[in-house]
Amino acid sequence: MHNLGILISGRGSNFVAIADAIDAGKIPDTTIAVVISNLADAPGLAAARQRGLNAVAIESRGRKRAEHDQEIIAALRENQVDLVCLAGYMRLLSPGFIQAFPQRILNIHPSLLPAFPGLDAQLQAVEYGVQIAGCTVHFVDEQLDHGVIVLQRALPVLETDDAHTLAARIIEQEHLAYAEAIARVLSGRYQIVGRRFLPKS
Ligand code: GRF
């Protein structure tokens, strides 16, 4: 059985999509061992409790990053987490956190990386004038929105789009992409060659 640890800061729609995918049998032999929010009032935390999941707040306000991260690592270890999924977790991870889970931390970002890393990716895409947008699930490394790409989903930017309408369509793709990426990683049937995520030969 695989144990997921999901880190959130907000609404948690990606977390809910992952939980639904597990319930629907799309991510086999997997359970959500713990949902952790760095903000106690994150709506996603309430959603996790409603589903009867182990949901904990580890407040980051007023804490040093490395110290806060150590507390999260301890909670993940306590719950025997073997894959960490960042789902709208709005904090950078300290190097110690990344080293504690080598190639075992995933993130989802609402752009086709390497375009538009950082905040407000959908607005960046609209303002840049790209005609294709999308989302990326990637392994987390020490650079922001940079690690090996596991899976991307693309969609057209419409002439009528603003950042809000585009984000609404991207998030639907995120929900599909994250569950599929987790299933692929947990299957273990992949190899990383350079920066490429490829099926195992
Ligand atoms: C998503 O757009 C995700 O790509 C980004 O933060 C947003 C989180 O949304 N990292 P939700 O909290 O999962 O609804």
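About the criteria used
- Residues numbered from 1 in each chain as written.
- Predicted model: local features only at pLDDT ≥ 70, side-chain atom pairs only at ≥ 80, totals over all residues.
- Heavy atoms only, no water.
- Near = heavy atom within 4 Å.
- Polar contact = N/O pair within 3.5 Å; in protein donor to acceptor, adjacent residues only side chain to side chain.
- Areas by Shrake-Rupley, 256 points an atom, 1.4 Å probe, with all protein chains shown as cover.
- Helix = DSSP H or I, 4+ residues; strand = E, 2+ residues; numbered from the N terminus.
- Nonpolar A, V, L, I, M, F, W, Y, C, P; charged D, E, K, R; others polar.
- Buried < 20%, exposed > 50% of the residue type's maximum accessible area, 1.4 Å probe, protein only.
- Arc of directions from axis to C-beta.
- Contact = heavy atoms within 4.5 Å.
- Domains from an automatic or database assignment.
- Buried area = accessible area lost by both parts, 1.4 Å probe.

K.L.:
Sorry if this is basic, but what is going on with the site of the ligand here?
P.N.:
Around the ligand, the neighbouring residues are R11, G12, S13, N14, G88, I108, H109, P110, I171 and E174. Note that an oxygen atom of the ligand is positioned 2.8 Å from one of the backbone N or O atoms of G12. Within the backbone of I108, an N or O atom sits 3.0 Å from a nitrogen atom of the ligand. Relative to its unbound accessible area of 370 Å², the ligand is 85% covered by the protein chains. Counting residues per element, the ones that place at least two in the shell around the ligand are α1 (13-23), β5 (105-109) and α6 (163-187). Taken together, the residues of the shell around the ligand sort by class into 3 nonpolar, 5 polar and 2 charged.

K.L.:
Would you mind going over helix α2 (residues 43-50) with me for this structure?
P.N.:
Because the α-helix completes a turn every 3.6 residues, residues three or four places apart line up on one side. Of all the residues in α2, the buried ones are G44, L45 and A48. Projected down its long axis, α2 carries its buried residues within an arc of 105°, all on one side. Facing away from the buried surface of α2 by more than 90 degrees, the exposed residues are P43 and Q50. If you follow the buried residues of α2, they end up packed against β1 (2-8), α1, β2 (30-37) and β3 (55-57).

K.L.:
Would you mind going over the domain arrangement of the protein with me for this structure?
P.N.:
Interface size, as often reported, equals the accessible area lost upon joining of the parts. For the protein, the domain assignment lists domain 1 (1-102) and domain 2 (107-201). Taken over C-alpha atoms, the centre of domain 1 sits 19 Å from the centre of domain 2. The interface of domain 1 with domain 2 comprises 21 residues on the first partner and 16 residues on the second. Carbon and sulfur atoms make up 72% of the area that domain 1 and domain 2 hide from each other, which totals about 1,500 Å².

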